[in-house]
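If you want the building blocks of each chain, they are given just below.
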Amino acid sequence: MKFFVDTADTAEIKALAATGLLDGVTTNPSLVAKSGRGMADVIAEICRLVPGPVSAEVAATDTEGMLREARLLAAIAPNVTVKVPMTEAGLAACRALSLQGVMTNVTLCFSAGQALLAAKAGASFVSPFVGRLDDIGADGMGLIAEILEIYRNYPALKTEVLVASVRHPGHVITAARLGAHVATVPPGVLRQLFVHPLTEKGLAVFLADWAKGGQSIG
Ligand code: E4P
């Protein structure tokens, strides 16, 4: 499974990219606004830090406007993935962009029907928001299972399921068990995946025993 990080904070992205475990980045208008930087500036820096797909979202709501913004976003770097909302206008833009060979991410997906339409529109990625579904008492990971089941029935569909709105490591593990292609994870959740109390405890014991032995490796 590919790991994307869901942030526009370039310090966080730089630190996580240094692990070599990062396959891409997703942003959205809220995250870019939170960064306090201009869209072109922040996306260009992220694209330099991470060579994989970097999602940058359009703000227009009509197809023509989205296509105009998409051209500007795609011109920032070859690894920009244009994010469009899951609306009729968004899918028309997605279809046009996919025919032009531009990578796309259909965002704000909350149903299997929407995911099916996104795939038919030629989206490179579809982003079902599992956390926001859980928030309203629906089953976010159940939706991922449903979408993967549908896509597997039609091998010609090339859209990757990008599990979004991830809130905790359990979402990531379930996504991997289901065979989702990608999870986009907030930096804090990604860091939670590294840690286990027994790892810390075990390492402390190893280091203490090693120090008692008085040896040195290098
Ligand atoms: C995905 O691309 C979105 O940016 C993101 O995962 C939304 O997550 P949230 O529900 O935590 O805002």
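If you're wondering where the values come from, they're calculated on a predicted model, not measured in any experiment. (Residues numbered from 1 in each chain as written. Predicted model: local features only at pLDDT ≥ 70, side-chain atom pairs only at ≥ 80, totals over all residues. Heavy atoms only, no water.)

Visitor: Sorry, what's going on with the overall build of the protein here?
Guide: The secondary structure content of the protein amounts to 11 helices and eight strands. By its C-alpha atoms, the protein is 70 × 40 × 30 Å across when sized along the principal axes. Out of the 218 residues in the protein, the part that is buried amounts to 44%. Residue pairs in contact within the protein that sit at least 24 positions apart in sequence constitute 56% of those at least 6 positions apart. Carbon together with sulfur atoms contributes 59% to the accessible area of the protein, which is approximately 10,900 Å² in total. Distance between charge centres in the protein, computed from 18 positive and 19 negative side chains, equals 4 Å. (Helix = DSSP H or I, 4+ residues; strand = E, 2+ residues; numbered from the N terminus. Buried < 20%, exposed > 50% of the residue type's maximum accessible area, 1.4 Å probe, protein only. Contact = heavy atoms within 4.5 Å. Areas by Shrake-Rupley, 256 points an atom, 1.4 Å probe, with all protein chains shown as cover. Lys, Arg positive; Asp, Glu negative; His and termini not counted. Charge placed at Lys NZ, Arg CZ, Asp CG, Glu CD.)

Visitor: Honestly, a nonpolar patch on the surface in this entry has me stumped. Any pointers?
Guide: Judged by side-chain polarity, L203, V205, F206 and L207 come together as a nonpolar surface patch covering roughly 420 Å² of accessible area. Turning to its location among the elements, F206 is positioned in helix α11 (residues 197–213). (Patch = residues over 30% accessible without salt bridge, like charges linked within 9 Å, V, L, I, M, F, W, Y side chains within 5 Å. Salt bridge = Lys/Arg side-chain N within 4 Å of Asp/Glu carboxyl O.)

Visitor: In this structure, what is going on with the sheet that holds strand β1 (residues 2–6)? I would like to understand it.
Guide: By definition, the strands of a sheet pair up through backbone hydrogen bonds, in either a parallel or an antiparallel sense. Strand order in the closed barrel formed by eight strands is β1-β2-β3-β4-β5-β6-β7-β8, with parallel pairing between adjacent strands. Going from strand to strand, the sheet's axes swing by 30° on average, the running direction of each strand aside. Here three bridges tie strand β5 (residues 104–109) to strand β6 (residues 125–128), and the two strands are oriented parallel to one another. If you follow C109 over to β6, its bridge partner there is P128. Most of the contacts of helix α3 (residues 39–49) go to strand β3 (residues 54–57), to which it runs at about 170°, and overall it touches β2 (24–26), β3 and β4 (80–85). Helix α8 (residues 140–152) rests against β5, β6 and β7 (160–163) of the sheet, and its axis sits at about 175° to β7. (Pairing = 2+ DSSP bridges. Axes fitted to C-alpha atoms, helices over the stretch in contact; angles between N-to-C directions.)

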